[in-house]
Amino acid sequence: MLVSTFRNHFNKELSEIYPATEIDSFFFLLIEEELGLQRIDLALTTQLTISEEKFKYLYNALSRLKAQEPIQYILRKTEFYGLQFNVTKDTLIPRPETEELVDWILTENKQLHASKKINILDIGTGTGCIAISLAKNLPNANVTAIDISKEALLIAKENALANNNVGITFIEADVLALKSLPSKFDIIVSNPPYVRELEKKEIKPNVLENEPHLALFVDDNNPLLFYKKIAELAKNHLTTNGKLFFEINQYLGKETLAMLNEVGYTTELRKDIFGNDRMIKSTC
Ligand code: GLN
């Protein structure tokens with residue numbers, strides 16, 4: 001079969017589910033990333049054919065896209081803050097909001113810590129996207145990352161060493177069970193689970209059916225449990241000018257600020273590019 005014939009089939013099969021521009025971008029990602037072809041190859045050679053095995057791959061990808069599986073899981077990778085990350089169903093797919101949080105941390109600390117050694121802790125690291133992009137951009141930082149999921153940590157380790165060539169100390173632990181942190185830190189950061197069960201109806205089926213619920217959902221009655229626990233732990237484990245950064249639930253900005261103030265922090269709330277309350281910096 002010709003690649004162009006397959007492409008027509010691909011477009012037709014997905015046209016009811018996705019906008020045309022997204023279908024085009026899926027198609028090009030698949031042929032570029034997985035088959036090593038370039039867009040230009042298709043434009044120049046209308047008669048382009050590929051092996052049986054490669055067609056099998058494309059058909060399999062098509063049926064997964066029809067089932068609304070995120071393209072990142074099909075490709076097993078994504079980009080975050082200009083870096084490559086492997087993703088599996090054990091890890092959340094890194095979000096652009098989280099890039100904004102990383103950017104905030106870097107803008108505040110890049111100059112200051114360009115030459116000074118600093119310690120950073122990322123709690124609930126998942127793919128390692130926050131820890132790794134900070135380590136990559138703050139070469140003098142010592143970065144530690146915690147996650148409860150053994151499977152996620154395996155991916156985070158691949159992402160650190162094999163994909164991005166940075167050394168990170170990974171620890172398998174449930175933060176809710178910790179009595180203290182391994183040392184003092186200049187920066188503690190976390191993007192913990194924060195979506196309430198009552199918000200499930202707002203979550204798209206591709207997220208709900210594919211991404212790890214362990215990384216996403218919290219009880220309606222206690223949505224700030226991770227924030228409170230981390231804020232309390234951090235209180236005794238931040239250095240003198242240390243800072244605690246959180247990505248937060250957009251609907252709980254006020255509540256999260258109030259809790260942090262009560263624990264004794266001075267806080268600053270920022271919105272993401274969509275205008276939603278999305279991140280907080282806290283200092284002692
Ligand atoms: N921002 C993610 C979402 O949209 C949630 C991430 C989290 O729970 N930490 O689903």
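## As for the pattern of salt bridges
Opposite charge on two side chains lets them pair, provided their charged atoms get close.
Part 1: Here the structure, examined in full by the defined rule, presents 17 salt bridges.
Part 2: In this structure, the salt-bridge partner of Glu 32 is Arg 39, at a minimum N-O distance of 3.1 Å.
Part 3: Arg 39 gets classed as partly exposed once you look at its relative accessible area, which sits at 45%.
Part 4: Here Glu 268 ties to Arg 270 by a salt bridge, and the two come within 3.1 Å at their closest N and O atoms.
Part 5: Exposure remark for Arg 270: the relative accessible area of 35% places this residue in the partly exposed category.
Part 6: What emerges from the salt-bridge pattern is a single network uniting Glu 108, Lys 243, Glu 268, Arg 270 and Lys 281.

## Describing the pairing of strand β10 (residues 266-271)
Part 1: In the sheet, β10 pairs with strand β11 (residues 277-283) via six bridges, with the strands oriented antiparallel. Bridge pairing links Glu 268 to Lys 281 in β11.
Part 2: The hairpin turn running from β10 into β11, its antiparallel successor, is five residues long, and Gly 275 in that turn takes a positive phi close to 85°.

## What about the site of the ligand?
Part 1: Lining the immediate surroundings of the ligand are Leu 92, Arg 95, Glu 97, Asn 191, Pro 192, Pro 193, Tyr 194, Val 195, Ala 215, Leu 216 and Glu 247.
Part 2: Within the side chain of Tyr 194, an N or O atom sits 2.8 Å from a nitrogen atom of the ligand.
Part 3: Here the ligand, which alone exposes 300 Å², has 89% of that area covered by the protein.
Part 4: Given that more than half its atoms are within 2 Å of the pocket grid, the ligand belongs to the largest pocket.
Part 5: Here the residues of the shell around the ligand sort into seven nonpolar, one polar and three charged.

## So, the layout of surface pockets
Part 1: What the largest pocket holds in volume is close to 1,100 Å³.
Part 2: Taken together, 40 residues make up the lining of the largest pocket; nearest its centre are Arg 95, Glu 97, Lys 204, Val 207 and Glu 211.
Part 3: Among the secondary structure elements, those contributing two or more residues to the lining of the largest pocket are α2 (20-34), α5 (71-75), β1 (77-80), α6 (96-109), α9 (205-208) and α10 (213-216).
Part 4: Among the residues forming the lining of the largest pocket, the class breakdown is 19 nonpolar, nine polar and twelve charged.
Part 5: In this structure, the second largest pocket encloses a volume near 530 Å³.
Part 6: If you trace the second largest pocket, you find 33 residues lining it, with Gly 124, Gly 126, Asp 147, Pro 193 and Ala 215 closest to the centre.
Part 7: Residue assignment for the lining of the second largest pocket shows that the elements contributing at least two residues are α7 (129-137), β4 (141-147), α8 (150-163), α10 and α11 (225-235).

## Focus on helix α12 (residues 253-263)
Part 1: For α12, the full list of buried residues reads Gly 253, Thr 256, Leu 257, Met 259, Leu 260 and Val 263. Around the axis of α12, the buried residues are gathered within 165° of arc, so they sit on the same side. Facing away from the buried side of α12 by over 90 degrees, the exposed positions are Lys 254 and Glu 262.
Part 2: Those residues of α12 hidden inside the fold are in contact with α11, β9 (238-247), β10 and β11.
Part 3: Immediately beyond the C-terminal end of α12, within one or two residues, lies Gly 264, with a positive phi of roughly 115°.

About the thresholds
- Residues numbered from 1 in each chain as written.
- Predicted model: local features only at pLDDT ≥ 70, side-chain atom pairs only at ≥ 80, totals over all residues.
- Heavy atoms only, no water.
- Salt bridge = Lys/Arg side-chain N within 4 Å of Asp/Glu carboxyl O.
- Buried < 20%, exposed > 50% of the residue type's maximum accessible area, 1.4 Å probe, protein only.
- Pairing = 2+ DSSP bridges.
- Helix = DSSP H or I, 4+ residues; strand = E, 2+ residues; numbered from the N terminus.
- Near = heavy atom within 4 Å.
- Polar contact = N/O pair within 3.5 Å; in protein donor to acceptor, adjacent residues only side chain to side chain.
- Areas by Shrake-Rupley, 256 points an atom, 1.4 Å probe, with all protein chains shown as cover.
- 1 Å grid on protein atoms, 1.4 Å probe; cavity = no way out; pocket = protein on both sides within 12 Å on 5 of 7 lines; lining within 4 Å.
- Sits in = over half its atoms within 2 Å of the grid points.
- Nonpolar A, V, L, I, M, F, W, Y, C, P; charged D, E, K, R; others polar.
- Points joined across faces, edges and corners; volume = space filled by probe spheres on them.
- Arc of directions from axis to C-beta.
- Contact = heavy atoms within 4.5 Å.

Remember that the coordinates give geometry; whether it matters functionally is a separate question.
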